[in-house]
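If you want the building blocks of each chain, they are given just below.
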Amino acid sequence: MEKIRNFYYKYNHLFFAFISFIIILTILNSDGGTGLSDNFDFNRVMQACSIEHIEPQKDFTYIPVYRLILKGSTLGERLINVLFSTENVNFYPSIQIFFVRISVAVNMLISKITGSPMDLYKLYILGYMYAILYSISLGIFFSKIKIKPNIAPDAVFKSIILLVLCDAGYITYFNSFYSEPLQIISFILICAYIIEIVSKPEPRI
């Protein structure tokens, strides 16, 4: 029994991180794709990340596919332009642009590998990136929580937290150009390291 307890307290955070990832992907892919619509706020991000609407803008409608504005004749030139261009950054000087631009680069690489049109941007790629980052942050968060000596209270408490933090009300933001996903991920990491600092006899940074 002691070996089981030690194994649980050492690795349970990986289990809960994996379960959270499965829940998130299930929500994002439910009903053919779940996400949030544009309330006139997407354009600031899109203009700074070489993304545009395929059809005339449809506000308050969830749109999963966009068009990329490709500049350069080779894949390398296009990737450099997407990742490092300063064009239109003044419209939305946010760290969020960094993550959206990475998702653009990933889209381009996947299109190159699969032979898909290079100018198509699939929003679910960004959603999957946020899903991975969020699951990792939850894993770190759960690793800081240890209710001892019994496994049951710890598992129940973490399961409740998991259900709350993986609610569709949060997760649907992943399939959008809103900045809430980064705020949620940052909040979880901040909470994790606050627990780390206050739980040690000698607090460390």
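As shown above, the structure is provided for reference.
Within each chain, residues carry numbers counting from 1 in the order of the written sequence. Where totals are concerned, whole chains, interfaces and linings use all residues; where local detail is concerned, this predicted model gives features only for residues with pLDDT of at least 70, and gives and counts side-chain atom pairs only at 80 or more. Note that the side-chain values use all heavy atoms of the structure and ignore hydrogens as well as water.

**Student:** Looking at this structure, I do not really get the layout of surface pockets. What am I missing?
**Tutor:** The method is simple in principle: a probe with the dimensions of a water molecule rolls over the atoms, and the space it marks as empty is what remains. Grid points spaced at 1 Å and placed over the protein atoms alone form the basis of the search, with a cavity being a set where a 1.4 Å probe fits but cannot get out and a pocket an open set showing protein on both sides within 12 Å along at least five of seven lines. Lining residues have an atom within 4 Å of a point. Grid points are joined across faces, edges and corners, and a volume is the space filled by probe spheres set on the points. If you add up the space inside the largest pocket, you get close to 180 Å³. Forming the boundary of the largest pocket are 14 residues, of which Met46, Gln47, Ser50, Ile69 and Asn88 lie nearest the centre. Only DSSP runs of H or I reaching four residues or more are called helices, and only runs of E reaching two or more are called strands; each is numbered from the N terminus. Listed by contribution, the elements that provide at least two residues to the lining of the largest pocket are α2 (42-47) and β1 (51-52). Among the elements that line the lining of the largest pocket, the one with the most residues is α2, at 3 residues. As a working rule, the residues Ala, Val, Leu, Ile, Met, Phe, Trp, Tyr, Cys and Pro are called nonpolar, Asp, Glu, Lys and Arg charged, and the rest polar, with Gly in that last group. For the lining of the largest pocket, the residue count by class is 4 nonpolar, 6 polar and 4 charged.

**Student:** Any chance you could explain the environment of Glu180 here in plain terms?
**Tutor:** By the secondary structure assignment, Glu180 is in helix α8 (residues 180-199). Of the residues examined, Glu180 reaches a relative accessible area of 27% and is grouped as partly exposed. We call a residue buried when its accessible area falls under 20% of the maximum for its residue type, exposed when it is over 50%, and partly exposed in between, using a 1.4 Å probe and counting protein chains only.

**Student:** Mind showing me how you'd approach the nonpolar core here?
**Tutor:** Taken as a class, soluble globular proteins show a tendency for nonpolar side chains to be buried jointly. Ranked by size, the top nonpolar core spans 49 residues in total, and within it Ile24, Ile51, Tyr66, Val100, Tyr121, Tyr134 and Phe177 carry the most contacts. Going through the elements one at a time, α1 (2-29), α2, β2 (65-68), α3 (75-84), α4 (96-114), α5 (123-143), α6 (151-165) and α8 are the ones with two or more residues in this core. The dominant element in this core, judged by the number of residues it contributes, is α5, at 8 residues. We call two residues in contact when some of their heavy atoms are within 4.5 Å. Residues contacting Ile24, with those up to four places away along its chain left out, are Ala131, Tyr134, Ser135, Cys166, Ile171 and Phe174. Joining through side-chain atoms within 4.5 Å is the link that ties buried Ala, Val, Leu, Ile, Met, Phe, Trp, Tyr and Cys residues into a set, and such a set is a nonpolar core.

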